[in-house]
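# Summary of the model geometry
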Amino acid sequence: MVDSAAATTVRARLAAKARANPSVALGGVCLLLVLVTGFIEPEYLSLNGARSSLLQAAPLGILAGAQTILMLTGGIDLSVTMIATGSAYVAASQSSHGAAVAILMGVAVGLVVGAANGIGVAVFRVNPLIMTLAMSGIMLGTFTAWTQTILRGSTQVAPFIKELAAGSFLGNRLPYSVVLWAVISLILIWLLRRTGWGRLLYAVGDNETAVRLAGVRTWQVRIAAYIAAGILGSIAGILLAGRTGAVDLQLANAFLLPSVAAAVIGGTSIFGGVGGYTGTILGALILSVLTSMLTFLNVGQDIQQLVYGTIVLALAWGYAGLANRE
Amino acid sequence: MNRPSPLLTISGVAKAYGSVVALAAVDMTVRRHEIHALLGANGAGKSTLVRILAGVHPADRGTLEVEGKTANFRTPVEAMRGGMATVFQDPALIRDLTIAQNLRLSRTDPATFEQWLEEFDLGSLDRDRMVRDLPLDILRLVDLARALALNPKILLLDEITAALTADQAEKLFELLDRLKTEGCSVVLITHRLAEVMRICDTATILRDGCNVAELEVGGITQQELVHAMLGSPVDLAPDTQAGTTAPTTAGAETVFAVEELASGEAVRQVSFAVRRGEVLGLVALEGQGQERVFDILCGERRPSAGRILVDGSPCRFLSPADAVRQGVVLIPGDRLQALLPSLPVYQNLVVTLITRIRQWLGLPADERARAANAIDSLSIDTRAAARVRRLSGGNQQKVAIGRWLVSGFRTLLCFDPTRGIDIQTKGEIYALLRKLAADGAAVLLYTSELAEIPLVCDRVLVMHNGLIVDEQAAAQATEASLLTAAHGLV
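Residues numbered from 1 in each chain as written. Chains lettered and ligands numbered in written order. Predicted model: local features only at pLDDT ≥ 70, side-chain atom pairs only at ≥ 80, totals over all residues. Heavy atoms only, no water.

The interface is formed by 28 residues belonging to chain A together with 36 residues belonging to chain B. For the pairing of chain A and chain B, the buried interface totals around 2,500 Å² over both sides, and the portion due to carbon and sulfur atoms is 59%. The tally of links between chain A and chain B comes to three salt bridges. Inspection of the region where chain A meets chain B yields 13 residue pairs in polar contact (both at pLDDT 80 or more). Per-element accounting of the side of chain A that touches chain B gives the leading share, seven residues, to helix α10 (residues 196-206) of chain A. Of the residues assigned to the side of chain A that touches chain B, the class counts are 14 nonpolar, seven polar and seven charged. (Contact = heavy atoms within 4.5 Å. Buried area = accessible area lost by both parts, 1.4 Å probe. Salt bridge = Lys/Arg side-chain N within 4 Å of Asp/Glu carboxyl O. Polar contact = N/O pair within 3.5 Å; in protein donor to acceptor, adjacent residues only side chain to side chain. Helix = DSSP H or I, 4+ residues; strand = E, 2+ residues; numbered from the N terminus. Nonpolar A, V, L, I, M, F, W, Y, C, P; charged D, E, K, R; others polar.)

The next point concerns the domain arrangement of chain B. A common measure of how large an interface is: the accessible area buried when the components associate. Residue and element names in this part refer to chain B. Split by domain assignment, chain B resolves into domain 1 (6-230) and domain 2 (246-486). Domain 1 puts 10 residues into the contact, and the matching count from domain 2 is nine residues. Between domain 1 and domain 2 lies a buried interface of about 860 Å² when both sides are counted; carbon and sulfur atoms form 61% of it. Inspection of the domain 1/domain 2 interface yields zero residue pairs in polar contact (both at pLDDT 80 or more). Looking at the side of domain 1 that touches domain 2, the element that brings in the most residues is helix α8 (residues 222-230), giving five residues. Broken down by class, the residue content of the side of domain 1 that touches domain 2 amounts to three nonpolar, six polar and one charged. (Domains from an automatic or database assignment.)

Quick look at the nonpolar core now. Residues and elements named next belong to chain B. Core analysis: the largest hydrophobic core is formed by 99 residues, its most contacted members being L39, L144, L155, L157, L176 and L412. Among the elements that make up this core, the one with the highest residue count is helix α5 (residues 136-148) (eight residues). Taken together, domain 1 (6-230) and domain 2 (246-486) each give at least three residues to this core, which thus spans both. (Core = buried A, V, L, I, M, F, W, Y, C linked by side-chain atoms within 4.5 Å. Buried < 20%, exposed > 50% of the residue type's maximum accessible area, 1.4 Å probe, protein only.)

Residues and elements named next belong to chain A. Enumeration according to the criterion identifies six aromatic pairs over all chains in this entry. Taken together, a centroid distance of 6.5 Å and an interplanar angle of 45° make the contact between Y89 and F143 tilted. Separated by 54 residues along the polypeptide, Y89 in helix α5 (residues 80-93) and F143 in helix α7 (residues 128-148) bring together distant segments of the chain. In terms of burial, Y89 and F143 fall into one category: buried. Note on F169 and Y176: the rings are 4.9 Å apart at their centroids and 25° apart in plane angle, and the pair reads as stacked. On the basis of relative accessibility, which here comes to 29%, the residue F169 falls in the partly exposed class. Among the residues examined, Y176 registers a relative accessible area of 29% and is labelled partly exposed. Cluster of aromatic residues (ring-pair linked, three or more members): Y89, F143 and W146. (Phe/Tyr/Trp six-rings, centres within 6.5 Å; stacked < 30°, edge-to-face > 60°.)

So, about a nonpolar patch on the surface. Side chains of L170, L174, V179, V183, I187 and W190 of chain A together with L361 of chain B sit close together on the surface and give an oily, nonpolar patch of about 630 Å² of accessible area. The element best represented in the nonpolar patch is helix α9 (residues 176-194) of chain A, accounting for four residues. When you line up the elements, I187 of chain A lands in helix α9. (Patch = residues over 30% accessible without salt bridge, like charges linked within 9 Å, V, L, I, M, F, W, Y side chains within 5 Å. Areas by Shrake-Rupley, 256 points an atom, 1.4 Å probe, with all protein chains shown as cover.)

Glancing now at the state of the cysteines. This structure, assessed with the given rule, holds zero disulfides over all chains. C457 of chain B carries a free sulfur, and the closest cysteine sulfur to it, the one in C414 of chain B, is 9.7 Å from it. (Disulfide = S-S within 2.5 Å.)

Another aspect to go through is the packing of helix α4 (residues 47-72) of chain A against α9 of chain A. Residue and element names in this part refer to chain A. In the contact formed by α4 and α9, the axes pass within 9 Å of each other and the chain directions differ by 20°. By the criterion of interaxial angle, the relationship of α4 to α9 is roughly parallel. Relative to α9, α4 is oriented so that their crossing is left-handed. Side by side, α4 and α9 meet where L54, L55, A57, A58, G61, I62, G65, I69 and L72 of the first sit next to S177, V178, W181, I184, L188 and L192 of the second. Partitioned by chemical class, the residues of the contact of α4 with α9 number 12 nonpolar, three polar and no charged. (Axes fitted to C-alpha atoms, helices over the stretch in contact; angles between N-to-C directions. Parallel < 35°, antiparallel > 145°, perpendicular 65-115°, else oblique. Left-handed = near helix turned anticlockwise from the far one by under 90°.)

Another aspect to go through is α4 of chain A. Residues and elements named next belong to chain A. Taking 1.5 Å per residue as the helical rise, α4 with its 26 residues ought to reach 38 Å, and the 35 Å between its terminal C-alpha atoms agrees with that figure. Taken as a whole, α4 carries its principal kink of about 30° at A58; the proline P59 stands between one and four residues after it. Within α4, 20 of the 26 residues are buried, leaving the element largely enclosed by the surrounding structure. (Expected span 1.5 Å × (residues − 1). Bend = angle between axes of the 7 residues up to and from the residue.)

Further remarks concern the pattern of salt bridges. Residues and elements named next belong to chain B. Applying the stated criterion across every chain yields a total of 28 salt bridges over all chains. For D96, the salt bridge is made with R132, and the minimal N-O distance between the two is 2.5 Å. Here D96, found in the loop between β6 (84-87) and α3 (99-105), pairs with R132, found in the loop between α4 (110-119) and α5; they are 36 residues apart in sequence, far enough to count as distant. Taking relative accessible area as the criterion, R132 reaches 41% and is therefore assigned partly exposed. Residue R127 is joined to E114 by a salt bridge in which the shortest nitrogen-to-oxygen separation is 2.3 Å. In this pair, R127 is assigned in the loop between α4 and α5 and E114 in helix α4, connecting sequence segments 13 residues apart. The class for E114 is partly exposed, based on a relative accessible area of 25%.

The next subject is the environment of G49 of chain A. With respect to the element layout, G49 of chain A can be found in helix α4. Note on G49 of chain A: relative accessible area 7%, which makes it buried.

All names here are of chain B. Relative to the helices and strands, S106 resides in the loop between α3 and α4. Residue S106 is classed as partly exposed on the basis of its relative accessible area, which comes to 29%. Sequence spacing of S106 and G281 is 175 residues, and the spatial spacing of their C-alpha atoms is 44 Å. Here R146 takes part through its side chain, which lies 3.5 Å from a polar atom of the side chain of S106.

Here the focus is the packing of α5 of chain A against helix α6 (residues 99-122) of chain A. Residues and elements named next belong to chain A. Relative to each other, α5 and α6 sit at 150°, their axes nearing to 7 Å. Remark: the crossing between α5 and α6 carries right-handed chirality. In contact with I83, G86, S87, V90 and A91 of α5, α6 contributes A102, M105, G106, V109, G110, V113 and N117. Each residue belonging to the contact of α5 with α6 can be placed in one class, and the counts come to seven nonpolar, five polar and no charged.

This is the structure in structure tokens:
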């Protein structure tokens, strides 16, 4: 009865549709943004435009994947961009040993830092915000010191990494990094939907006590989640390094808020238990198109940050409204 | 009879929390110069009534009158202004502040407070001590002194003697007697009937959210009080022949046992054994250590002494995962602790199938079928199956049980599984527990509904003050015999 009465307002009808099929609604928003951007800059509506947006979105989408996994458990990783930067640094310094070693060493950074975050949060019960924020500070300090000492030397990445991050095939149409993102996306979606671990991520975020009483060692689930997030951070960092060709300690800084924003826009709740990676992909695409649009409008980094912040706030409010109506 | 005039009149007060009716309709009169006992079994509605009188929750219906004037308190401040002062079961003091800071928060007059504290020989208590560093009995007395400093017309005491030593209680009784002559009336909630006999003038008895009797305490015995608390037997329509056809399990092997289990002050010594095919009942008044026993048995807490034996070999449960691996599983008292509220019914049911790391990279091929089996055998109503949050309480409880049907188990620990559940579902749960036992499980059932014992159990243990004080054959156990033992009157 309440439903039919409320449905008379357009807003409620839209809300009901959005609730029933969030991906379609998000896709609609994305398409709308593309069209608006095309209106501002007709050049954008071309293969080239699509290519550059996807190139932008790939590292962001991978970082946002890390946040999605953790947010599903009710956690978050504020050190993910430092992990990305640190991995890129290590990969660059090891580039003289060949791309394979460089990439493996880079990913090892994510593995170790992710495990440390996971142990802090799951075993020592440190609040995830505090744990990962502190880890971010520790890493920044460590890497600042190391750039003067053991990591001194090359800040250039191996040619293979450059090619992977910035190169394309099929006549310069399909970037390798986008293909890599697609593969990672498929793996993430499979993990979240079709595996016991994915199931447990949702379950732990929904009610950890119930999962623990079911006989699950929930700390294992959480540590695995932080390790996975760390590895995703590393991959994103190496891609970023390959795209710019050289690394510095500010490499991935600007991606922290957008990585959380993409997951939130995609409908993953920061309180855990609700969401998924499909939405996050669309969230990353929306933010990427938005960046293009703001670039065409010639606004600076400051305005972009402002827009990101506003969008995250508005969406968090909107989702809270949807959840309340349930 | 020249009885003093009414000070507090409660008429037709009702309160429901969601779909759970805590108070159906309560009438009660507290007169001047009176110590009035409020008695009733667990879940009878005593604490709800106290919360309404203290203004913590407003009543849904009914009226309160203080000295003939309507006083339907909406906030604790209104209740205080209306002359009520309350000492709750848990001290209403902020743990991370000092006593002095707590007093300042509640705007207690320090001089009066000091005076009352002297009464309990606590004049030397350092007011800059943190509340969390003080023992419970001191906190109770501090809370009491604070309540008395309000100079109330009516003092509400919820289980205050539970944490006091004998001589502290003695001082309290003398004080209450004096207050009474000075014109302040007292409402006392207690499970200790000896106290009621000793200091109370009148007793109101609650059962299932209604007042069922008001007794003059002078001239009746404790046994008569217990009988008054029982009333007519609850009509539970046992569709099962459970009690009568319960198989004799005397010869079956012991599946699960504990020996001399202890945990701090709460559990002093508990030993028992559950046999294959047996439903062992456990009965206790509130706060006798039963929660702690279940916490230990399911692996949530470690005992300070004693052993847990599964199939005769000692086990150490460091976490619920250890207990589950030994086939010892829990249906918790708060069913929300067993549910994933935002997830669908089937995912709730099959979470017990992915507890080990080697089960993480994939899903059991037969999980849908297993979930469907559990849904069928429990007849779970799946119309709102997309989110367990939307199910009714009874259906949620079935899901909490069903997740163990999916994975299998050997020992089932049930903590008050029928609390707040409709009568038909209760019957289904009894039948299910009997069936699980018949199929070879060992079941330990704690229940606050004594009428369940002969319906479901084979034997019943009674716990009082951290000890097992009695064991009865369930078929012969009556509410009277169980309540008598639960009050420690064996």
